[in-house]
Amino acid sequence: MKSVFTDKELAPNDEILKISLGATYKFWQTFVDYVHSVYPKSVEEWSFSKSGGWSFKIKDSKRAIIYLLPRDGFFKVAFVFGQKATDEVLKSKVATAIKTELESAKVYAEGRGIRIEVKDGKVINDVKDLINIKLEN
């Protein structure tokens, strides 16, 4: 499924993001605020691809910390974990479903990628744990 924002000429802003995400916008903002609180030097960046539309990432100087992928009425968070971080996730208290997805993810040079749907507040603590693991590894 693609981003809800597919017009290359129209970069998303907070107003249309709030409308598109609806009730889940507050969770989007929770993750943005959390990353900035634990890593104040983080930088936000919207990017566009033909295949995926607009996506949002928060990064440090070298790598993405988290990707936020807007959909219609919800969003996905995405992470790429190297082997050390993958090992930490598998030892952590995050949900078994997330660990299973990570274990079965294809391994690329930059690591394993996972995406988690955010339609309610159930995954907030897991995503915060994943952000912390990403920053520590």
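What this report covers is the structure whose coordinates are included nearby.

**Comments concerning the pairing of strand E1 (residues 43–49)**
Turning to step 1, where the next piece is worked out: Direction of pairing for E1 relative to strand E2 (residues 53–59): antiparallel, over a ladder of seven bridges. Opposite Glu 44, over in E2, you have Ile 58 as the bridge partner.

**Section: the pattern of salt bridges**
Turning to step 1, where the next piece is worked out: Counted by the stated rule, this structure contains seven salt bridges.
Turning to step 2, where the next piece is worked out: Residue Lys 91 is joined to Glu 88 by a salt bridge in which the shortest nitrogen-to-oxygen separation is 3.3 Å. Of this pair, Lys 91 and Glu 88 both sit in helix H3 (residues 83–91), three residues apart, which is roughly one turn of the helix.
Turning to step 3, where the next piece is worked out: Here Lys 91 falls in the exposed class, since its relative accessible area comes to 63%.
Turning to step 4, where the next piece is worked out: In this structure, Glu 117 engages Lys 119 in a salt bridge whose closest nitrogen and oxygen atoms are separated by 3.5 Å.
Turning to step 5, where the next piece is worked out: Relative accessible area serves as the criterion here: at 39%, Glu 117 is assigned to the partly exposed category.
Turning to step 6, where the next piece is worked out: Residue classification places Lys 119 among the partly exposed positions, given a relative accessible area of 49%.
Turning to step 7, where the next piece is worked out: Each of Glu 45, Lys 57 and Lys 59 takes part in salt bridges that share partners, so that together they form one network.

**Overview of a negative patch on the surface**
Turning to step 1, where the next piece is worked out: Judged by side-chain charge, Asp 14, Glu 15, Asp 33 and Glu 44 come together as a negatively charged surface patch.
Turning to step 2, where the next piece is worked out: On the secondary structure map, Glu 15 appears in helix H1 (residues 14–21).

**Notes on helix H2 (residues 25–38)**
Turning to step 1, where the next piece is worked out: Between the first and last C-alpha of H2 there are 20 Å, a value that for 14 residues agrees with the 20 Å anticipated at 1.5 Å per step.
Turning to step 2, where the next piece is worked out: Considered for burial, the residues of H2 that qualify are Tyr 25, Phe 27, Trp 28, Phe 31, Val 32, Tyr 34 and Val 35.

**Describing the layout of surface pockets**
Turning to step 1, where the next piece is worked out: A volume near 210 Å³ is recorded for the largest pocket.
Turning to step 2, where the next piece is worked out: Around the largest pocket, the lining is made up of 17 residues, and of these Ser 55, Tyr 67, Leu 69, Ala 78 and Arg 115 lie nearest the centre.
Turning to step 3, where the next piece is worked out: Broken down by secondary-structure element, the contributors of at least two residues to the lining of the largest pocket are E1, E2, strand E3 (64–70), strand E4 (75–81) and strand E6 (111–118).
Turning to step 4, where the next piece is worked out: In terms of residue class, the lining of the largest pocket is built from eight nonpolar, seven polar and two charged.

Each value, and the rule that gives it
- Residues numbered from 1 in each chain as written.
- Predicted model: local features only at pLDDT ≥ 70, side-chain atom pairs only at ≥ 80, totals over all residues.
- Heavy atoms only, no water.
- Pairing = 2+ DSSP bridges.
- Helix = DSSP H or I, 4+ residues; strand = E, 2+ residues; numbered from the N terminus.
- Salt bridge = Lys/Arg side-chain N within 4 Å of Asp/Glu carboxyl O.
- Buried < 20%, exposed > 50% of the residue type's maximum accessible area, 1.4 Å probe, protein only.
- Patch = residues over 30% accessible without salt bridge, like charges linked within 9 Å, V, L, I, M, F, W, Y side chains within 5 Å.
- Areas by Shrake-Rupley, 256 points an atom, 1.4 Å probe, with all protein chains shown as cover.
- Lys, Arg positive; Asp, Glu negative; His and termini not counted.
- Charge placed at Lys NZ, Arg CZ, Asp CG, Glu CD.
- Expected span 1.5 Å × (residues − 1).
- 1 Å grid on protein atoms, 1.4 Å probe; cavity = no way out; pocket = protein on both sides within 12 Å on 5 of 7 lines; lining within 4 Å.
- Points joined across faces, edges and corners; volume = space filled by probe spheres on them.
- Nonpolar A, V, L, I, M, F, W, Y, C, P; charged D, E, K, R; others polar.

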